[in-house]
Amino acid sequence: MSRTGARVERQPLARYTTLGVGGESEVWFVETHEQLAEAMEAPYRILGGGSNLVVSDMGVPERVIRLSGPLAERDLTPDPALSTPDLIVTGWVGGGAPLPGLLRALQKLGWSGLEGTVGIPGQVGGSVWMNAGTRFGEMFDGLHTIEIVTPDGVRQITPDDLDWGYRQSGIPRNHIVTRVRLKLRPSTPEAVLEKMDQADQARKGQPKNKTPGCAFKNPGGVSAGKLIDEAGLKGTQVGNARIAPEHGNFIVNLGGATAADVHALLDLIRERVGVPLELEYELWPEHLGG
Ligand SMILES: Cc1cc2nc3c(=O)[nH]c(=O)nc-3n(C[C@H](O)[C@H](O)[C@H](O)COP(=O)(O)OP(=O)(O)OC[C@H]3O[C@@H](n4cnc5c(N)ncnc54)[C@H](O)[C@@H]3O)c2cc1C
C-alpha cells in the first residue's frame, strides 16, 4: 500500500492489454484523487484498457497508473441543473470505466450520442484521450465536461476548450482523464440498438483473437490492410504472433506471443510494403521497434 492507501503491485502488463503481451511493471491502482496525486509524484504512465498498446516484454520503468474503484464507476443519473427535455447531461463517469459496458447501459436507457463507438474495447478515459471512434461516430460526440488531472492539479473543461479532431483530443500526454459528464439525446433502446448493429456490421471480417486493433494508419487514404495483403503477408507468423489471415492490418497473439514477435512482424511489414507506414497503436516504451 502507498502512503495514501493505493494498492501497488508488480504485475505483468500482459494481464491488462488486449494483445496479452507486456512484462512486469509497478502498477498503482488508484481510487481517489489523493492517491492519484501521490502516484504522479514520480515518472508515470496511465494505462486504460490496454487496447491500443504493445508493451515491451521487459515492462516499463515508470509507475503504471490504473484508475480503479470510484474512478472506474459510472453515475448516469441526469443532472437536473444541466439537462433539458432534449438533452441529457449525466453524472460523472469514471475514466477507468469500460466503454463497452457504458454503451450497453446507454442503449438500454435509449440515450443516443455514443453508439457509433461500439466495438471499441477501451476504457472511457483512454478513449476520450485519443477521441476513439469509427465512421459512425466518436467519443467527442457525447462529451459535456472532461475532468483532467495533471501534476499541477485538477481542471474541469469542455470540448470547446480543446483543439480536438480526428483520433486526437488535444489533451497532452500523461494528463489524466479522471471523469467525464456525458451529453446525450433522448431516443429509444430500439433506435440506439439499430445504430449499434450498423456500426458492428462494419467490423465483420476483423479477427477475434487477442490483438491491439489496427497496426497501421491508412497512408494517404489507401487501406493499410490492402497494402499488406498485396505484399503477400497475410498469415505470416513470427513466434506466436501472426498477421491475421482475415485482415492484413491486424497482428494477433496466438497464445504466448512476445512483444519481440510483434515487433518483428511490424518491421517485416514496413520492409515489404513499399509505402511509409505510421503505427496506429502505441509502443511502450516508445523507442522499441518500429
Ligand atoms: C479489436 C479492437 C478494435 C478496435 N477498434 C477501434 C476503432 O474502431 N476505433 C478506434 O479509435 N480505436 C479502436 N481500437 C483501439 C483502441 O480500442 C482505442 O484506441 C481505445 O480508445 C484505447 O483506449 P484504452 O483505454 O484501451 O487505452 P490504452 O490502450 O490503455 O492507452 C492508449 C493511450 O491512452 C492513454 N490513456 C489511457 N487511459 C487514459 C486516461 N484515463 N487519461 C489519459 N490518457 C489515457 C494511454 O496512456 C495511452 O497513451 C480497437 C482496438 C481493438 C483491440
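Residues numbered from 1 in each chain as written. Predicted model: local features only at pLDDT ≥ 70, side-chain atom pairs only at ≥ 80, totals over all residues.

Within an unreviewed UniProt entry, the label attached to the chain reads UDP-N-acetylenolpyruvoylglucosamine reductase, and the organism entered is Deinococcus wulumuqiensis. Word for word, the UniProt comment on the chain under Catalytic activity (unreviewed entry) is "UDP-N-acetyl-alpha-D-muramate + NADP(+) = UDP-N-acetyl-3-O-(1-carboxyvinyl)-alpha-D-glucosamine + NADPH + H(+)". (UniProt positions renumbered as here; feature names shortened; annotations may be inferred.)

Draft legend 1. Structural detail: the sheet that holds strand β5 (residues 63–67). Read from one edge to the other, the open sheet built from four strands follows the order β1-β2-β5-β3, with strand pairing classed as mixed. Across the chains shown, the open sheet's two edge strands, defined by having one partner strand only, are β1 (7–12) and β3 (44–47). Ignoring strand direction, the axes of neighbouring strands in this sheet form an average angle of 35°. Note: β1 against strand β2 (residues 24–30), six bridges, orientation antiparallel. Counterpart to Arg10 in the pairing with β2 is Glu26. (Pairing = 2+ DSSP bridges. Helix = DSSP H or I, 4+ residues; strand = E, 2+ residues; numbered from the N terminus. Axes fitted to C-alpha atoms, helices over the stretch in contact; angles between N-to-C directions.)

Draft legend 2. Examining the UniProt feature "active site" (unreviewed entry) in the chain more closely. Taken from the UniProt record, the annotation "active site" (unreviewed entry) applies to Arg167 and Cys214. Despite a sequence span of 48 residues, these residues sit close together in the fold, their greatest C-alpha distance being 13.2 Å. The residue Arg167 is located in the loop between β11 (153–157) and β12 (176–186) in this model. As for its position among the elements, Cys214 is in the loop between α4 (189–201) and α5 (224–230). Beyond its immediate stretch of four places on either side in the chain, Cys214 contacts Asn249, Phe250 and Glu280. (Contact = placed C-beta atoms within 7 Å.)

Draft legend 3. Here's a closer look at the environment of Gly255. Summarising the element assignment, Gly255 is placed in the loop between β15 (251–253) and α6 (259–272). Distance from Gly255 to Ala241, taken between C-alpha atoms, is 7.9 Å for residues 14 residues apart in sequence.

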